[in-house]
Amino acid sequence: EFVRRHGVRFQLGVAEHFSIAALKQQGFKYIFLGIGAGRARHLKLDQGEDRVLDALNFLQNFRQNGDYKLGKNVAVIGGGNSAMDAARAALRCEGVESVHIVYRRTRTYMPADKEEFDAAISEGVRFHELLLPVAFSGGRLTCQRMALGEPDSDGRRKVHPVEGAFQTLTIDTVISAIGEQVEREVLEKNGLRFDHQGRLVVDPATGETSVENVFIGGDALRGPSTVVESIADGKRAAEVIMRREQIEPDVLPDFRQKFDSQQRLIELRGRKGNIVPFNAQDHHQEAARCLACNFVCDKCVEVCPNRANVAIAVPGFHDSYQIIHMDALCNECGNCETFCPYSGAPYKEKITVFWTEADFLDSTNDGFYLMSRNGSFDFRTRLNGTIGTIQLDKDGKVLKSTYKENSPEFNAFLQILKTVHGQHSYLLPESSS
Ligand code: SF4
Ligand code: SF4
């Protein structure tokens, strides 16, 4: 309605006749394609007679009809938010007794948001990692067992099949949630070119395709993307079109240049602990009481009665302050979990500093303790549940490590370890020798 009120006219139901040439003939000089990526990727499965549904269709029908006959046991294939949605919706269908999410990598590499995954698990969805479905027939879903391999260019570990290892699940319906893609044929039919790697040829500065004055943006250009990115694509194309028509766009200022996040952080930290009385008349004073929790949270630090969560500045992170949990100070009261606005459980989930080996072994938290400091500093560590050791010199250089990986998780863990070691060694026990 907002767009319509600005004078934009809508013509609905024209998708199947979509033709750039016809639109140009009708007098449309510039065209922006925001057609999304609505085609489900094909799940390669020796399918047999059994039912395989596409997650988006299933969710759409579920929303309209509120029910679906899926049988007793359902498998959802995929690791994104659509897979979590489909699994939770399937749980609500009449007659369904068990829902399984089957994913070929591990939990660490799943694209689904943590809260979506946690919600699915807490509702009773069962999670199977390192399984690749290969056949579905006679109510049996056969999955190839996979193993993690070397990291790829973006740091995610590749997977490879474990020879001769399979697992079978008893399943009535499979829901495929392995992602969506753009309708490539539609674009090709309209003369848009793709490169040899199958990527659409687009001017990165303008979003213009290989067809003059035809722009593209959003999921159709990027694959699954955010609303913000899609809006930015549309805005960029609109500005280019206006300039070509000699209209100077009245662009909004670039707030990023004016927003000094470090300065904001200092200002907000200065507000904490200052009790400023409520003043209904002075709106500036009232606004200045805001602690901007959306920008810097630290709730778990403030609500802990034992000061068992600390925020320290760690270089290289998007959020410059990271929460470190101090195991020895925590009595597991659960306060930080209650107050975390992101449904987190900081005392279980944050990188944890342990003071003794017994405490370390008594916990499942990822974290570390300082075993000895004889010239070098030897840490016993747990990352993604795997126990190892990392030896640092006094300047934080890694001398030895049992970890071979170079994943983003490992690098983040190492950065936190080095920062505690180098700048916050008061958090470590003094007596390690
Ligand atoms: S659970 Fe531990 S860290 Fe969380 S508030 Fe309680 S004592 Fe503090
Ligand atoms: S763990 Fe939760 S409470 Fe603590 S800083 Fe993060 S979002 Fe805030």
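Residues numbered from 1 in each chain as written. Chains lettered and ligands numbered in written order. Predicted model: local features only at pLDDT ≥ 70, side-chain atom pairs only at ≥ 80, totals over all residues. Heavy atoms only, no water.

**Notes on the sheet that holds strand S9 (residues 157-170)**
Next, step 1: The 3 strands are arranged S7-S8-S9 in an open sheet whose pairing can be described as antiparallel. In the strand order of this sheet, the two ends are held by strand S7 (131-137) and S9, each with one partner. Each adjacent strand pair in this sheet contributes to an overall mean axis angle of 20°, direction not counted.
Next, step 2: Of the strand pairs in this sheet, strand S8 (residues 140-151) and S9 are connected by 9 bridges, and their pairing is antiparallel. Along S9, the bridge assignment pairs leucine 148 with valine 159. (Pairing = 2+ DSSP bridges. Helix = DSSP H or I, 4+ residues; strand = E, 2+ residues; numbered from the N terminus. Axes fitted to C-alpha atoms, helices over the stretch in contact; angles between N-to-C directions.)

**Some details on the packing of aromatic side chains**
Next, step 1: Evaluation of the coordinates by the stated rule reveals 7 aromatic pairs.
Next, step 2: Linked through ring pairs, Phe354, Phe360 and Tyr369 together constitute an aromatic cluster.
Next, step 3: Positioned above the aromatic ring of phenylalanine 194 is the side chain of arginine 184, whose terminal nitrogen or guanidinium carbon lies 4.1 Å from the ring centre.
Next, step 4: Above the ring of phenylalanine 360, the side-chain terminus of arginine 382 is found at 4.3 Å from the ring centroid. (Phe/Tyr/Trp six-rings, centres within 6.5 Å; stacked < 30°, edge-to-face > 60°. Lys NZ or Arg CZ within 6 Å of the ring centre and 35° of its normal.)

**Observations concerning the packing of helix H4 (residues 81-91) against helix H5 (residues 114-122)**
Next, step 1: The interhelical angle for the contact between H4 and H5, taken along N-to-C directions, is 25°, at an axis separation of 9 Å. In terms of orientation, H4 lies roughly parallel with respect to H5. The interaxial crossing formed by H4 with H5 has left-handed handedness. Contact residues: H4 offers Asn81, Met84, Asp85 and Arg88, while H5 offers Glu116, Phe117, Ala119 and Ala120.
Next, step 2: For the contact of H4 with H5, a count of residues per class yields 4 nonpolar, 1 polar and 3 charged. (Parallel < 35°, antiparallel > 145°, perpendicular 65-115°, else oblique. Left-handed = near helix turned anticlockwise from the far one by under 90°. Contact = heavy atoms within 4.5 Å. Nonpolar A, V, L, I, M, F, W, Y, C, P; charged D, E, K, R; others polar.)

**Some words on the sheet that holds strand S5 (residues 98-102)**
Next, step 1: Read across the open sheet, the 5 strands follow the order S3-S10-S4-S5-S6; overall the sheet is parallel. Here the strands that pair on one side only, and so sit at the sheet edges, are strand S3 (51-54) and strand S6 (126-128). Put simply, the sheet's adjacent strands are angled 25° from each other on average, direction ignored.
Next, step 2: As paired elements, strand S4 (residues 73-77) and S5 share 5 bridges and run parallel to each other. Among the inter-strand pairings, valine 76 is bridged to a residue of S5, identified as isoleucine 101.
Next, step 3: Docked against the sheet, H4 engages S4, S5 and strand S10 (173-176), running at close to 170° with respect to S5.

**Some remarks on the pairing of strand S16 (residues 367-374)**
Next, step 1: Where strand S15 (residues 352-354) and S16 come together, 3 bridges link them in parallel fashion. Within S16, the residue paired with threonine 352 across the bridge is glycine 367.
Next, step 2: Pairing analysis gives 7 bridges linking S16 to strand S17 (residues 376-383), with the strands arranged antiparallel. Bridging across to S17, leucine 370 finds its partner in phenylalanine 379.
Next, step 3: Between S16 and S17, which follow one another and run antiparallel, lie 1 residue, and glycine 375 among them has a positive phi close to 85°.

**Some thoughts on the pattern of salt bridges**
Next, step 1: Under the definition given, this model contains 21 salt bridges.
Next, step 2: Arginine 92 is paired through a salt bridge with glutamate 123; the nearest N and O atoms lie 2.9 Å apart. With a gap of 31 residues between them, arginine 92 in the loop between H4 and S5 and glutamate 123 in the loop between H5 and S6 connect regions that are remote in the sequence.
Next, step 3: By relative accessible area, which is 29% here, glutamate 123 ends up partly exposed.
Next, step 4: Between aspartate 195 and arginine 199 there is a salt bridge, with its nearest N and O atoms 3.2 Å apart.
Next, step 5: Accessibility expressed as a relative area gives 49% for arginine 199, which makes it partly exposed. (Salt bridge = Lys/Arg side-chain N within 4 Å of Asp/Glu carboxyl O. Buried < 20%, exposed > 50% of the residue type's maximum accessible area, 1.4 Å probe, protein only.)

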